[in-house]
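Residue-level structure breakdown
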Amino acid sequence: MVELRHLRYFCAVAEEKNMTRAAEKIFMAQPPLTRQIKQLEEEVGVQLVQREARGISLTPAGEYFWQQAQLILDKLEATVKESQRIDAGKKRIFRIGFVPSIFYGQLPQLVRRLRQHHFASVELHEMKTGEQIEALKCGKIDMGFGRVVMPSLGGDVTQKLLFSEPILAALPCNHPMAEGAISMNELAQLPLITYPAGNAPTFANICLDLFNSRGLRVKVAQQVNDVGTALGLVASDMGFTLVPEQVMRMNRDGVTFVRLKDEGITSPVFLSKREEPEDEIMTAAMEILDELVLNRIEGRYP
């Protein structure tokens, strides 16, 4: 039978890629650790590690097993901590993952109402959509807000489209094209400030595809990690960037937000959460969110 200790031992070995270092990390002698890993392989019925002259490497099955073992251990840790809080009579901690551009719309109102009217202790974690999915699987967050649909979810995690909003161009306020709408073709003539592309799908990939799909070659001036830095560079006359409409609420000095002439260029907002029975705080969060999304769709606030 595979036990939790086997998972902990294997994760240590997988992280260190060396039996001696792994044994030192978990305060264990090397021979017993080697026997435990061999026993784990026998229980699972597949080879998980390959012994090499300079250490070890994981087999493809071992790489998959490592990923799943980490999720199991993370989920167990989150469950233990939440159980301890409940036993101590502490407030339920509600954790929300989000991408930065979401923070300028409905998210602050959701957090404020949960704290004021339902007395929830809310934690916010900035993370990419893919990171949110993994955090949901192991119980590190309760819901997430992102802008890309993930092709593979699993772990009883679902995504729901809340609404789509126009993408705008952020230009220096003194730019000659900052008055009226602007086309993608006109923007392609200007230096673009974008975000690291990374593994698709990302918002950066989506923005670049808007130009590529129109046969336009974009001039990337600089890559930055967040929208705040991008707008700072725009204000410094370093170029333009593309942002979802709700980023307008930042009211950044030196930046003008300009609508696009091209139709149908929007950015979706997705809710990610686990499919499981809702507790009181999750039910309240969903009711508040439904109201906020309806207000957004009907234009009662941007």
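Just so we're clear, the structure is a prediction, and the values are computed from it rather than from any experiment.

This brings us to unusual backbone geometry. Even without glycine at this site, Lys 17 takes up a positive phi of about 55°. Its place among the elements puts Lys 17 in the loop between α1 (4–16) and α2 (19–25). For Lys 17, a relative accessible area of 28% puts it in the partly exposed group. Phi is positive for Phe 27, which is not a glycine, with a value near 55°. Relative to the helices and strands, Phe 27 is located in the loop between α2 and α3 (30–44). Its relative accessible area of 79% is what places Phe 27 among the exposed residues.

Quick look at the environment of Met 177 now. As for its placement among the helices and strands, Met 177 is situated in the loop between β6 (157–172) and α7 (184–187). C-alpha of Met 177 to C-alpha of Leu 187: the two residues are 10 residues apart in sequence and 9.1 Å apart in space. Discounting chain neighbours no more than four positions away, the residues touching Met 177 are Leu 171, Ile 182, Glu 186, Leu 190 and Val 258.

One pass over the structure, following the stated rule, counts two aromatic pairs. When the ring of Phe 10 is compared with that of Phe 65, the centres are 5.3 Å apart and the planes differ by 80°; the resulting orientation is edge-to-face. Residue Phe 10 is found in helix α1, and its partner Phe 65 is found in helix α4 (residues 60–87); the two are separated by 55 residues along the sequence. The same class applies to Phe 10 as to Phe 65, namely buried.

Once that is clear, we can look at the side chain of Thr 241. On the secondary structure map, Thr 241 appears in strand β9 (residues 241–244). With relative accessibility at 0%, the residue Thr 241 sits in the buried group. At a separation of 2.8 Å, a polar atom in the side chain of Thr 241 contacts the main-chain carbonyl oxygen of Ile 193. Every residue in contact with Thr 241, bar those within four places of it in the chain, is listed here: Leu 168, Ala 169, Ala 170, Leu 192, Ile 193, Tyr 195, Ala 230, Leu 231 and Val 234.

Basis of the calculations
Residues numbered from 1 in each chain as written. Predicted model: local features only at pLDDT ≥ 70, side-chain atom pairs only at ≥ 80, totals over all residues. Heavy atoms only, no water. Helix = DSSP H or I, 4+ residues; strand = E, 2+ residues; numbered from the N terminus. Buried < 20%, exposed > 50% of the residue type's maximum accessible area, 1.4 Å probe, protein only. Contact = heavy atoms within 4.5 Å. Phe/Tyr/Trp six-rings, centres within 6.5 Å; stacked < 30°, edge-to-face > 60°. Polar contact = N/O pair within 3.5 Å; in protein donor to acceptor, adjacent residues only side chain to side chain.

Honestly, it's all geometry; don't read function into it.
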